[in-house]
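# Close look at the chain arrangement
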Amino acid sequence: MATKSKARVTAFTDLPSSEAKWVKLQKIDYIDAKGVSRVWEVASRKTRGKAGVDAVAMGNIIYHPSKPPSTIVVLQFRPPVEATTVEWPAGLIDANEQPEEAAVRELYEETGYRGKVISTSPAVAADPGMTNANMCLCMMEVHLKEGEPEPEQHLDEGEDILRINVPLAELYERLEGWAKEGYVIAAKLYHWAAGVQYAMDHPELFKKIDQPGAGP
(Lines give C-alpha, C1' and ligand atoms only; values in the text may rest on other atoms or scores of the structure.)
Protein backbone atom coordinates (compact mmCIF):
# COMPACT_ATOMS: atom_id res chain seq x y z
CA MET A 1 0.00 0.00 0.00
CA ALA A 2 1.33 3.42 -0.96
CA THR A 3 1.64 6.12 1.68
CA LYS A 4 -0.68 9.07 1.10
CA SER A 5 0.70 12.59 1.15
CA LYS A 6 0.22 14.66 4.31
CA ALA A 7 -0.50 17.72 2.16
CA ARG A 8 -3.92 19.29 2.57
CA VAL A 9 -6.03 22.15 1.28
CA THR A 10 -6.59 24.95 3.79
CA ALA A 11 -8.94 27.23 1.80
CA PHE A 12 -10.70 27.86 -1.48
CA THR A 13 -11.18 31.50 -2.53
CA ASP A 14 -12.44 33.14 -5.72
CA LEU A 15 -9.65 34.33 -8.02
CA PRO A 16 -10.09 36.91 -10.81
CA SER A 17 -8.51 35.85 -14.11
CA SER A 18 -6.38 38.98 -14.07
CA GLU A 19 -4.64 37.74 -10.91
CA ALA A 20 -4.17 34.14 -12.07
CA LYS A 21 -0.80 32.95 -13.39
CA TRP A 22 -1.77 29.68 -15.08
CA VAL A 23 -5.46 29.81 -16.09
CA LYS A 24 -8.19 32.28 -17.00
CA LEU A 25 -11.99 32.13 -17.04
CA GLN A 26 -13.75 33.36 -20.18
CA LYS A 27 -17.28 33.70 -21.54
CA ILE A 28 -18.01 32.34 -25.00
CA ASP A 29 -20.85 33.73 -27.10
CA TYR A 30 -21.88 31.30 -29.81
CA ILE A 31 -24.77 30.29 -32.06
CA ASP A 32 -25.96 26.69 -31.87
CA ALA A 33 -27.03 24.43 -34.74
CA LYS A 34 -30.59 25.80 -34.59
CA GLY A 35 -29.47 29.41 -34.84
CA VAL A 36 -30.01 30.21 -31.17
CA SER A 37 -27.51 32.54 -29.46
CA ARG A 38 -26.03 30.94 -26.36
CA VAL A 39 -23.31 31.52 -23.75
CA TRP A 40 -20.66 29.12 -22.42
CA GLU A 41 -18.05 29.45 -19.69
CA VAL A 42 -14.57 28.09 -20.31
CA ALA A 43 -11.34 27.80 -18.34
CA SER A 44 -8.24 28.28 -20.49
CA ARG A 45 -4.53 27.89 -19.83
CA LYS A 46 -2.30 30.93 -20.21
CA THR A 47 0.80 28.87 -20.98
CA ARG A 48 0.13 27.32 -24.41
CA GLY A 49 3.28 27.57 -26.56
CA LYS A 50 4.15 27.33 -30.25
CA ALA A 51 3.26 23.63 -30.45
CA GLY A 52 -0.38 24.54 -29.84
CA VAL A 53 -0.61 21.81 -27.20
CA ASP A 54 -0.81 22.45 -23.47
CA ALA A 55 0.51 19.25 -21.95
CA VAL A 56 1.86 15.78 -22.52
CA ALA A 57 1.37 12.50 -20.68
CA MET A 58 3.91 9.71 -20.93
CA GLY A 59 2.50 6.22 -21.31
CA ASN A 60 5.66 4.34 -20.46
CA ILE A 61 6.59 0.69 -20.91
CA ILE A 62 9.56 -0.53 -18.86
CA TYR A 63 11.48 -3.51 -20.28
CA HIS A 64 13.73 -5.54 -17.96
CA PRO A 65 15.81 -8.62 -18.92
CA SER A 66 14.35 -10.87 -16.19
CA LYS A 67 11.07 -9.17 -15.19
CA PRO A 68 7.72 -8.81 -16.95
CA PRO A 69 7.00 -5.52 -18.77
CA SER A 70 5.83 -2.81 -16.39
CA THR A 71 4.87 0.84 -16.25
CA ILE A 72 5.70 3.63 -13.84
CA VAL A 73 2.83 5.56 -12.29
CA VAL A 74 3.25 8.59 -10.07
CA LEU A 75 1.36 9.51 -6.92
CA GLN A 76 1.07 13.17 -5.96
CA PHE A 77 -1.25 15.48 -4.06
CA ARG A 78 -3.47 17.47 -6.39
CA PRO A 79 -5.12 20.47 -4.66
CA PRO A 80 -8.08 20.77 -7.10
CA VAL A 81 -9.35 17.31 -6.11
CA GLU A 82 -8.10 17.53 -2.50
CA ALA A 83 -6.54 14.08 -2.79
CA THR A 84 -3.52 12.08 -3.84
CA THR A 85 -3.85 11.03 -7.46
CA VAL A 86 -2.47 8.07 -9.40
CA GLU A 87 -1.31 9.13 -12.85
CA TRP A 88 1.10 8.47 -15.61
CA PRO A 89 3.95 11.01 -15.55
CA ALA A 90 2.85 14.22 -17.27
CA GLY A 91 3.60 17.90 -17.52
CA LEU A 92 3.14 21.16 -19.36
CA ILE A 93 4.91 21.71 -22.67
CA ASP A 94 7.34 24.64 -22.54
CA ALA A 95 6.87 27.59 -24.91
CA ASN A 96 9.39 26.42 -27.51
CA GLU A 97 9.05 22.65 -27.07
CA GLN A 98 7.39 19.98 -29.15
CA PRO A 99 5.38 17.27 -27.33
CA GLU A 100 8.08 14.65 -27.83
CA GLU A 101 10.75 16.90 -26.34
CA ALA A 102 8.57 17.63 -23.34
CA ALA A 103 7.83 13.93 -22.89
CA VAL A 104 11.51 12.99 -22.70
CA ARG A 105 12.22 15.86 -20.31
CA GLU A 106 9.25 15.28 -18.02
CA LEU A 107 9.79 11.52 -17.78
CA TYR A 108 13.39 12.16 -16.75
CA GLU A 109 12.41 14.80 -14.20
CA GLU A 110 9.58 12.85 -12.56
CA THR A 111 11.02 9.32 -12.71
CA GLY A 112 14.73 9.63 -13.42
CA TYR A 113 14.43 7.32 -16.43
CA ARG A 114 15.45 8.26 -19.94
CA GLY A 115 12.93 6.95 -22.42
CA LYS A 116 12.37 6.88 -26.16
CA VAL A 117 9.15 8.17 -27.71
CA ILE A 118 7.55 5.43 -29.83
CA SER A 119 4.34 7.20 -30.83
CA THR A 120 2.54 10.48 -30.25
CA SER A 121 -1.21 10.97 -30.30
CA PRO A 122 -2.96 13.90 -31.95
CA ALA A 123 -3.81 16.75 -29.60
CA VAL A 124 -6.83 15.49 -27.66
CA ALA A 125 -9.28 17.33 -25.42
CA ALA A 126 -8.84 16.98 -21.68
CA ASP A 127 -12.33 18.05 -20.51
CA PRO A 128 -14.12 19.72 -23.46
CA GLY A 129 -17.21 20.68 -21.51
CA MET A 130 -15.23 22.90 -19.15
CA THR A 131 -11.91 23.81 -20.75
CA ASN A 132 -10.09 24.12 -24.08
CA ALA A 133 -7.01 22.51 -22.50
CA ASN A 134 -5.54 19.80 -24.70
CA MET A 135 -2.73 17.29 -24.51
CA CYS A 136 -0.81 14.60 -26.36
CA LEU A 137 -0.14 11.07 -25.19
CA CYS A 138 3.41 9.98 -25.93
CA MET A 139 3.97 6.24 -25.62
CA MET A 140 7.55 5.67 -24.50
CA GLU A 141 9.87 2.74 -23.94
CA VAL A 142 12.59 2.40 -21.33
CA HIS A 143 15.02 -0.53 -21.67
CA LEU A 144 16.86 -1.49 -18.49
CA LYS A 145 19.89 -3.68 -17.92
CA GLU A 146 20.16 -6.43 -15.33
CA GLY A 147 21.15 -4.97 -11.96
CA GLU A 148 20.65 -1.36 -13.08
CA PRO A 149 19.79 0.74 -9.97
CA GLU A 150 16.70 2.90 -9.74
CA PRO A 151 17.69 6.38 -10.93
CA GLU A 152 17.34 9.60 -8.97
CA GLN A 153 14.37 11.85 -9.67
CA HIS A 154 14.95 15.47 -10.74
CA LEU A 155 11.90 17.20 -9.33
CA ASP A 156 11.18 20.93 -9.41
CA GLU A 157 10.89 22.86 -6.17
CA GLY A 158 7.53 22.14 -4.57
CA GLU A 159 7.01 18.81 -6.35
CA ASP A 160 6.46 15.77 -4.14
CA ILE A 161 6.05 12.79 -6.46
CA LEU A 162 6.18 9.11 -5.51
CA ARG A 163 6.92 6.75 -8.40
CA ILE A 164 5.70 3.16 -8.39
CA ASN A 165 6.62 0.45 -10.88
CA VAL A 166 3.60 -1.73 -11.71
CA PRO A 167 3.65 -4.88 -13.88
CA LEU A 168 1.40 -4.20 -16.88
CA ALA A 169 -0.56 -7.39 -16.24
CA GLU A 170 -1.52 -6.02 -12.80
CA LEU A 171 -2.19 -2.39 -13.73
CA TYR A 172 -5.99 -2.46 -13.95
CA GLU A 173 -6.32 -4.44 -10.72
CA ARG A 174 -3.92 -2.12 -8.91
CA LEU A 175 -5.83 0.97 -10.06
CA GLU A 176 -9.08 -0.54 -8.83
CA GLY A 177 -7.41 -1.20 -5.48
CA TRP A 178 -6.05 2.32 -5.16
CA ALA A 179 -9.47 3.76 -5.95
CA LYS A 180 -10.98 1.72 -3.11
CA GLU A 181 -8.30 3.12 -0.79
CA GLY A 182 -9.38 6.69 -1.55
CA TYR A 183 -6.86 7.67 -4.22
CA VAL A 184 -8.14 9.55 -7.26
CA ILE A 185 -7.19 7.82 -10.51
CA ALA A 186 -6.39 10.07 -13.47
CA ALA A 187 -8.95 9.49 -16.23
CA LYS A 188 -6.40 9.11 -19.02
CA LEU A 189 -4.56 6.34 -17.16
CA TYR A 190 -7.72 4.54 -16.07
CA HIS A 191 -9.21 4.65 -19.56
CA TRP A 192 -6.05 3.15 -21.07
CA ALA A 193 -5.87 0.40 -18.45
CA ALA A 194 -9.59 -0.36 -18.69
CA GLY A 195 -9.38 -0.53 -22.48
CA VAL A 196 -6.46 -2.94 -22.35
CA GLN A 197 -8.25 -5.07 -19.77
CA TYR A 198 -11.43 -5.14 -21.85
CA ALA A 199 -9.49 -6.17 -24.94
CA MET A 200 -7.83 -8.97 -22.97
CA ASP A 201 -11.18 -10.16 -21.59
CA HIS A 202 -12.95 -9.97 -24.98
CA PRO A 203 -10.34 -10.71 -27.69
CA GLU A 204 -13.04 -11.87 -30.10
CA LEU A 205 -14.27 -8.27 -30.42
CA PHE A 206 -10.98 -7.04 -31.81
CA LYS A 207 -10.32 -9.45 -34.65
CA LYS A 208 -9.91 -7.79 -38.02
CA ILE A 209 -12.49 -8.57 -40.66
CA ASP A 210 -10.11 -10.67 -42.76
CA GLN A 211 -9.08 -12.84 -39.79
CA PRO A 212 -10.58 -16.31 -39.34
CA GLY A 213 -13.49 -16.25 -36.88
CA ALA A 214 -14.05 -12.51 -37.19
CA GLY A 215 -17.47 -11.01 -37.70
CA PRO A 216 -20.92 -12.46 -37.07
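Computed from a prediction, not measured in an experiment: that's the story for all the values here.

## Concerning the overall build of the protein
- Within the protein, the regular secondary structure consists of three helices and 11 strands.
- The order of helices and strands in the protein, counted from the N terminus, is β-β-β-β-β-β-α-β-β-β-β-α-β-α.
- Evaluated residue by residue, the protein yields a buried proportion of 31% over its 216 residues.
- Put simply, of all contacts in the protein between residues at least 6 apart along the chain, 60% involve residues at least 24 apart.
- As presented, the protein carries roughly 13900 Å² of accessible surface, and 54% of it is formed by carbon and sulfur atoms.

## Considerations on a nonpolar patch on the surface
- Judged by side-chain polarity, Tyr-198, Leu-205 and Phe-206 come together as a nonpolar surface patch covering roughly 340 Å² of accessible area.
- Mapped onto the fold, Tyr-198 is located in helix 3 (residues 187-201).
- Judged by relative accessible area, Tyr-198 falls into the partly exposed class, the value being 45%.

## With respect to the layout of surface pockets
- In this structure, the second largest pocket spans a volume of roughly 220 Å³.
- As for the second largest pocket, its lining consists of 13 residues, and the residues nearest its centre are Ile-62, His-64, Lys-67, Leu-144 and Asn-165.
- For the lining of the second largest pocket, the elements supplying multiple residues, two or more each, are strand 3 (55-64), strand 4 (67-78) and strand 10 (162-167).
- In terms of residue count, the dominant contributor to the lining of the second largest pocket is strand 4 (three residues).
- Grouping the constituent residues of the lining of the second largest pocket by class yields six nonpolar, three polar and four charged.

## Comments concerning the packing of helix 2 (residues 171-180) against helix 3
- In the contact formed by helix 2 and helix 3, the axes pass within 9 Å of each other and the chain directions differ by 135°. Here helix 2 lies oblique to helix 3, going by the angle between them. As for how helix 2 packs across helix 3, the hand of that crossing is left-handed. Residues Leu-171, Tyr-172, Leu-175 and Glu-176 of helix 2 form the contact with helix 3, whose own contacting residues are Leu-189, Tyr-190, Trp-192, Ala-193, Ala-194 and Gln-197.
- Here the residues of the contact of helix 2 with helix 3 sort into eight nonpolar, one polar and one charged.

Thresholds, definitions, all that
Residues numbered from 1 in each chain as written. Predicted model: local features only at pLDDT ≥ 70, side-chain atom pairs only at ≥ 80, totals over all residues. Heavy atoms only, no water. Helix = DSSP H or I, 4+ residues; strand = E, 2+ residues; numbered from the N terminus. Buried < 20%, exposed > 50% of the residue type's maximum accessible area, 1.4 Å probe, protein only. Contact = heavy atoms within 4.5 Å. Areas by Shrake-Rupley, 256 points an atom, 1.4 Å probe, with all protein chains shown as cover. Patch = residues over 30% accessible without salt bridge, like charges linked within 9 Å, V, L, I, M, F, W, Y side chains within 5 Å. Salt bridge = Lys/Arg side-chain N within 4 Å of Asp/Glu carboxyl O. 1 Å grid on protein atoms, 1.4 Å probe; cavity = no way out; pocket = protein on both sides within 12 Å on 5 of 7 lines; lining within 4 Å. Points joined across faces, edges and corners; volume = space filled by probe spheres on them. Nonpolar A, V, L, I, M, F, W, Y, C, P; charged D, E, K, R; others polar. Axes fitted to C-alpha atoms, helices over the stretch in contact; angles between N-to-C directions. Parallel < 35°, antiparallel > 145°, perpendicular 65-115°, else oblique. Left-handed = near helix turned anticlockwise from the far one by under 90°.

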